Amino acid sequence: MRRTERRTWLLAGLLVASLARAAEPPAVLGYEDALQAIIDTYPTLAIAALQVEKARQEQIRVESSLSWVLQANGGLNRDINFIGTPSDVASLSAGLQRRFASGQSIGLNGRYRYEDSELAFSPLYPNPAQSTGLDLDYRIPLGRGKDNPEYTQGLISAEAGVLLERANQLAIREQLARQALELFYGLATIRASYETAQAGVQRARRLKKYIHERYEMGLAEDKDLLQSEAQLQLQLSELRKLEVLWEQTRTNLNRLMGRPWKSEFVPRIELPPAEPVGEQRLAVYQQEAEANSPDLLRNRARVKLGEAELERRRDARRDQLDVVASIGTRTLNGPSGFGDINELDVAGGVRLEYQNALDKRGFDAAIYQARLEIRMAEEDSRKVRDDLRYRIAGLVGELEASRKALAAYEARLKSEQRKFDEALDLYREGRFTTDRLIQFENELQAARFALEQQRIEYAQRQRDLAILRGTIWQRIRDNPEAEVMP
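Residues numbered from 1 in each chain as written. Predicted model: local features only at pLDDT ≥ 70, side-chain atom pairs only at ≥ 80, totals over all residues. Heavy atoms only, no water.

### Quick notes on the packing of aromatic side chains
Turning to step 1, where the next piece is worked out: Under the definition given, this model contains three aromatic pairs.
Turning to step 2, where the next piece is worked out: A ring pair is formed by Tyr 31 and Phe 184, whose centres lie 6.0 Å apart and whose planes are at 65°; its orientation type is edge-to-face. Linking Tyr 31 in helix H2 (residues 31-41) with Phe 184 in helix H4 (residues 149-216), this pair joins segments that are 153 residues apart in sequence. Of the two residues, Tyr 31 and Phe 184, neither departs from the other in class, the shared state being buried.
Turning to step 3, where the next piece is worked out: In this structure, Arg 173 packs its charged tip against the face of Trp 473, placed 4.0 Å from the ring centre.
Turning to step 4, where the next piece is worked out: Over the aromatic face of Phe 440 sits the side chain of Lys 419, whose NZ or CZ is 4.6 Å from the ring centroid. (Phe/Tyr/Trp six-rings, centres within 6.5 Å; stacked < 30°, edge-to-face > 60°. Helix = DSSP H or I, 4+ residues; strand = E, 2+ residues; numbered from the N terminus. Buried < 20%, exposed > 50% of the residue type's maximum accessible area, 1.4 Å probe, protein only. Lys NZ or Arg CZ within 6 Å of the ring centre and 35° of its normal.)

See the structure below:
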């Protein structure tokens, strides 16, 4: 019996908790709250961050090109030597090379060879013979390769690659912010329409009831009942249509925010204080927008890549003129027809290496291509700056017009409300027709919705300008700050 009672109380507790959760009001979210959720959870941004980190590894790869390189080889073989005698040969060689940032390089190479011929080449030459060599080489490029452009420009290219991926990351972030902007304020508009339609349904029902009472008293006709019923059905159909639209838009925004698709929330519309905007303020907005622009950052990376490629092409066009100095030792030992031979000597020398391509047209074309790429990036940057200037000026002008329109819509709503109240009083006295009252009611509803829509559009334009300036990210936690252009 006690076990049954405990189960009953447990089920009752779960039911009460479930009802309490169901009765909880939906969360109230501002645009920044929605944007924060997107930044925290959306996978595309995580992928973009990984791409930036991947690009950073290129710098490490380029820096490693100056490290020491070890090479070695060895082997055994039996073959016919140059005098036609079968010989067994064992060889081993190893070397260390390194290139410096100046373009100069150093190499240390050692080798060992053992040869045993069935017939001695000469009684003066040992057989079997062992020989070793050790050389230290130093190469100084005077033409192509001087100052190691592959390394220096490779570092610049790696830095530009990071900037390019960073620009892509910022572009994705801005794209998501604008996508959320459309969805969030679209939801706010749908909600305003829904609330207006709900109020319209309530008024239509009250009006229908009032007309029905008058009909029973013989003060209204059949057409009045039909008009009131048609008005109610119109409002109900609008309500159902808005419910479907709300479901679709809310699901899309929940997808961006990483929330369950049916999570309900109420969009909060915040109107920031209006600021007077003059030429000086417009110039500040322009600077902020340029510092935040992914397109300008991308073009900056393109210019860096183009300049690095230009230096590489110029270096490739130069004649190769290297000075190579070497010093080393040689040993030879083994038995011969006149006794054991054990020789040691020092070797060394200096040489010049020269190479030149007689046809330079391919190099010249590559240089011209690199210059064109730089020019295109610079021209595109100029276009982006012009576009930003016009977009900022346009948004500022729209905000000023919206601010004035808000005051006009507020005055209109007050006027429509007074007009409807007066018409309703006259209707109750029998001095106003039903169709005129319905018309006035619709005009009041339209004025209320127009004011709310104007508020939503004003707030949306404010956030649009904040995204363009980059100031919207100052309110977002753990955001990747835009790099400031030098």
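### Remarks on helix H3 (residues 43-63)
Turning to step 1, where the next piece is worked out: An ideal rise of 1.5 Å per residue puts 30 Å on 21 residues; H3 measures up with 32 Å between its terminal C-alpha atoms.
Turning to step 2, where the next piece is worked out: Within the span of H3, buried status applies to Leu 45, Ala 48, Val 52, Ala 55 and Val 62. The arc that holds the buried residues of H3, viewed along the axis, is 80°, so those residues lie on one side. Opposite the buried face of H3, by more than 90 degrees, sit the exposed residues Ile 47, Leu 50, Lys 54 and Arg 61.
Turning to step 3, where the next piece is worked out: On its buried side, H3 packs onto H2 and H4. (Expected span 1.5 Å × (residues − 1). Arc of directions from axis to C-beta. Contact = heavy atoms within 4.5 Å.)

### Thoughts on the sheet that holds strand S8 (residues 339-355)
Turning to step 1, where the next piece is worked out: Here we have six strands laid out as an open sheet, ordered S2-S3-S4-S5-S7-S8, and antiparallel in their pairing. Strands with a single pairing partner mark the edges of an open sheet, and in this sheet they are strand S2 (69-80) and S8. Adjacent strand axes in the sheet meet at a mean angle of 10°, parallel and antiparallel pairs treated alike.
Turning to step 2, where the next piece is worked out: With 13 bridges joining them, strand S3 (residues 86-99) and strand S4 (residues 105-117) adopt antiparallel strand pairing. Bridge pairing in S4 links Ala 94 to Gly 110. (Pairing = 2+ DSSP bridges. Axes fitted to C-alpha atoms, helices over the stretch in contact; angles between N-to-C directions.)

### Quick word on the pattern of salt bridges
Two side chains that carry opposite charge are able to pair once their charged atoms sit near each other.
Turning to step 1, where the next piece is worked out: Scanning the entire structure with this criterion turns up 44 salt bridges.
Turning to step 2, where the next piece is worked out: In the salt-bridge network here, residues are joined through shared partners; they are Glu 32, Asp 33, Arg 268, Glu 270, Arg 463 and Arg 475. (Salt bridge = Lys/Arg side-chain N within 4 Å of Asp/Glu carboxyl O.)

### Overview of the nonpolar core
Turning to step 1, where the next piece is worked out: With 40 residues, the main nonpolar core has Tyr 31, Tyr 185, Leu 253 and Met 257 as its most contacted residues.
Turning to step 2, where the next piece is worked out: Every element with two or more residues in this core is listed here: H2, H4, helix H5 (222-257) and helix H9 (434-469).
Turning to step 3, where the next piece is worked out: Sort the elements by how many residues they give to this core and H4 lands first, with 14 residues.
Turning to step 4, where the next piece is worked out: Apart from the residues lying within four places of it in its own chain, the contact partners of Tyr 31 are Ala 177, Ala 180, Leu 181, Phe 184, Tyr 185, Arg 268, Arg 463, Ile 467 and Ile 472.
Turning to step 5, where the next piece is worked out: By size, the runner-up hydrophobic cluster in this structure holds 26 residues, among which are Ala 289, Val 396, Phe 432 and Ile 438. (Core = buried A, V, L, I, M, F, W, Y, C linked by side-chain atoms within 4.5 Å.)

### A word on the pairing of S3
Turning to step 1, where the next piece is worked out: Pairing of S2 with S3 involves 12 bridges; the strand directions are antiparallel. Looking at the pairing, Asn 73 lines up with Ser 93 of S3.
Turning to step 2, where the next piece is worked out: Between S3 and S4, which pair antiparallel one after the other, the connecting turn spans five residues, and Gly 103 there sits at a positive phi close to 95°.

### Quick look at the packing of H2 against H4
Turning to step 1, where the next piece is worked out: Interaxial distance between H2 and H4 falls to 10 Å at its minimum, and their mutual angle equals 135°. On the basis of their axis angle, the class for H2 and H4 is oblique. In this structure, the crossing between H2 and H4 has a hand that is right-handed. Along the contact surface, H2 presents Tyr 31, Ala 34, Leu 35, Ile 38 and Ile 39, while H4 presents Arg 173, Leu 176, Ala 177, Ala 180, Leu 181, Phe 184 and Tyr 185.
Turning to step 2, where the next piece is worked out: Considered class by class, the residues forming the contact of H2 with H4 number 11 nonpolar, no polar and one charged. (Parallel < 35°, antiparallel > 145°, perpendicular 65-115°, else oblique. Left-handed = near helix turned anticlockwise from the far one by under 90°. Nonpolar A, V, L, I, M, F, W, Y, C, P; charged D, E, K, R; others polar.)

### Observations concerning unusual backbone geometry
Turning to step 1, where the next piece is worked out: For Asp 147, which is not glycine, the phi dihedral falls at a positive 65°.
Turning to step 2, where the next piece is worked out: When you line up the elements, Asp 147 lands in the loop between strand S5 (129-141) and H4.
Turning to step 3, where the next piece is worked out: According to the relative accessible area criterion, Asp 147 is partly exposed, its value standing at 48%.
Turning to step 4, where the next piece is worked out: For Asn 148, which is not glycine, the phi torsion reads 50° and is therefore positive.
Turning to step 5, where the next piece is worked out: Mapped onto the secondary structure, Asn 148 falls in the loop between S5 and H4.
Turning to step 6, where the next piece is worked out: Asn 148 sits in the buried class, given a relative accessible area of 3%.

### A short note on the side chain of Asp 315
Turning to step 1, where the next piece is worked out: Here Asp 315 lies in helix H7 (residues 294-317).
Turning to step 2, where the next piece is worked out: The buried category is assigned to Asp 315, whose relative accessible area is 8%.
Turning to step 3, where the next piece is worked out: Leaving out residues up to four positions away in the same chain, Asp 315 has contacts with Gly 143, Arg 144, Gly 145, Lys 146 and Pro 149.

### Side note on the confidence of the model for the chain
Turning to step 1, where the next piece is worked out: Per-residue confidence for the chain gives a mean pLDDT of 85, with 90% of residues at or over 70.
Turning to step 2, where the next piece is worked out: At the low end of the mean pLDDT range in the chain sits helix H1 (residues 2-23), at 44; at the high end sits H7, at 94.
Turning to step 3, where the next piece is worked out: Between residues 1-23, whose pLDDT stays under 50, and residues either more than four places distant or in other chains, the model counts zero contacts.
Turning to step 4, where the next piece is worked out: pLDDT under 50 marks residues 480-486. Its contacts with residues more than four places away, or in other chains, come to 20 contacts. (pLDDT = per-residue confidence, 0-100.)

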